[in-house]
Amino acid sequence: MPETPRHRNLALKLAALCAAMFAFGFALAPLYDVFCEITGVGGKTASAPQQVTEQADEARTVRVEFVAQSNAPFEFRPTVSHLDVHPGQVYQTEYYAANLTGTPLTVQAVPSVAPGVAAKHLKKLECFCFTAQEFEAREGRGMPVVFMVSRDLPAHLDRLSLQYTLFALSE
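To start, this report covers the structure provided alongside it. (Residues numbered from 1 in each chain as written. Predicted model: local features only at pLDDT ≥ 70, side-chain atom pairs only at ≥ 80, totals over all residues. Heavy atoms only, no water.)

## Some details on the overall build of the protein chain
Here's step 1: For the protein chain, the count of helices and strands is one helix and nine strands.
Here's step 2: Its helices and strands in sequence order give the protein chain the pattern α-β-β-β-β-β-β-β-β-β, from N to C terminus.
Here's step 3: The proportion of buried residues among the 171 residues of the protein chain is 33%.
Here's step 4: Residue pairs in contact within the protein chain that sit at least 24 positions apart in sequence constitute 75% of those at least 6 positions apart. (Helix = DSSP H or I, 4+ residues; strand = E, 2+ residues; numbered from the N terminus. Buried < 20%, exposed > 50% of the residue type's maximum accessible area, 1.4 Å probe, protein only. Contact = heavy atoms within 4.5 Å.)

In structure tokens, the structure reads:
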């Protein structure tokens, strides 16, 4: 009988440990998102327009390659495969998306940048990825991206890729 409080104490400690691990599991995804947004690790870019106040570096050229992938019944592609840009200068390009179904769909584009360390140096001023996009049945349209590569992009990086993956939010 004297061991009952001891067992109860151990059971309470184990239950508290399980609850703490469960809470940590829920907190991990938002914490990872914040960490990636701050450091640029994982290729995550900002999810809202950014301010630009830089002068262009005309002596340096960086190739930005555009990639598209769709996990929805859509045609989705960049209108150009790449642009050679000067850091600090604002550029615009476009992706084309078309709903291939006979019903309206809402989609969301999720961006990523490779190499991941370059993500914090790609500043998007306007992007279709900031909000969900609604498409009528068989509708197709261009979706603009206005961006700039920051002048403080490390000197050894002369090429980066901007990829969007399109996901259906409704079907």
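## Section: the environment of G140
Here's step 1: Within the fold, G140 resides in strand 8 (residues 140–149).
Here's step 2: For G140, a relative accessible area of 34% gives the class partly exposed.
Here's step 3: Spatially, the C-alpha atoms of G140 and F76 are 9.5 Å apart, while their sequence positions differ by 64 residues.
Here's step 4: Beyond its immediate sequence surroundings of up to four residues, G140 is in contact with Y96, A97 and A98.

## Comments concerning the packing of aromatic side chains
Any two aromatic rings considered together are summarised by their centre-to-centre distance and by the angle between their planes.
Here's step 1: Per the stated rule, a full pass over the model turns up nine aromatic pairs.
Here's step 2: Taking 6.3 Å as the distance between ring centres and 90 degrees as the angle between the ring planes, the aromatic pair formed by F66 and Y95 counts as edge-to-face. With F66 in strand 1 (residues 62–70) and Y95 in strand 4 (residues 90–99), the pair connects residues that are 29 residues apart, well separated along the chain.
Here's step 3: A connected cluster of aromatic rings, assembled from ring pairs, spans F66, F76, Y91, Y95, F128, F147 and Y164. (Phe/Tyr/Trp six-rings, centres within 6.5 Å; stacked < 30°, edge-to-face > 60°.)

## Describing unusual backbone geometry
Here's step 1: Cis rather than trans, the peptide bond between A114 and P115 has omega equal to -5 degrees.
Here's step 2: Its place among the elements puts P115 in the loop between strand 5 (105–114) and strand 6 (122–127).
Here's step 3: Phi is positive for R138, which is not a glycine, with a value near 60 degrees.
Here's step 4: Counting through the fold element by element, R138 comes out in the loop between strand 7 (133–135) and strand 8.

## What to know about the environment of A56
Here's step 1: Tracing the backbone shows A56 in the loop between helix 1 (4–39) and strand 1.
Here's step 2: Apart from residues lying up to four places away in sequence, A56 is in contact with P87, G88, Q89 and R151.

## Some words on the pattern of salt bridges
Here's step 1: Under the definition given, this model contains four salt bridges.
Here's step 2: A salt bridge links E65 to R159, with the nearest nitrogen and oxygen atoms 2.5 Å apart. Separated by 94 residues along the polypeptide, E65 in strand 1 and R159 in strand 9 (residues 159–170) bring together distant segments of the chain.
Here's step 3: For E139, the salt bridge is made with R141, and the minimal N-O distance between the two is 2.7 Å.
Here's step 4: Among the residues examined, R141 registers a relative accessible area of 23% and is labelled partly exposed. (Salt bridge = Lys/Arg side-chain N within 4 Å of Asp/Glu carboxyl O.)

## Notes on the nonpolar core
The nonpolar side chains of a soluble globular protein tend to be buried, and buried together.
Here's step 1: If you look at the biggest cluster of nonpolar residues, it comprises 32 residues, and the most contacted ones within it are F74, F76, Y95, F128, F147, L160 and Y164.
Here's step 2: If sequence neighbours within four positions are ignored, F147 has contacts with V64, F66, L83, V85, Q89, V90, Y91, T93, L122, K123, K124 and L125. (Core = buried A, V, L, I, M, F, W, Y, C linked by side-chain atoms within 4.5 Å.)

## Observations regarding a nonpolar patch on the surface
Here's step 1: Side chains of L10, L14, L17 and M21 sit close together on the surface and give an oily, nonpolar patch of about 400 Å² of accessible area.
Here's step 2: Position of L10 among the secondary structure elements: in helix 1.
Here's step 3: On the basis of relative accessible area, L10 is assigned to the partly exposed category, the value being 47%. (Patch = residues over 30% accessible without salt bridge, like charges linked within 9 Å, V, L, I, M, F, W, Y side chains within 5 Å. Areas by Shrake-Rupley, 256 points an atom, 1.4 Å probe, with all protein chains shown as cover.)

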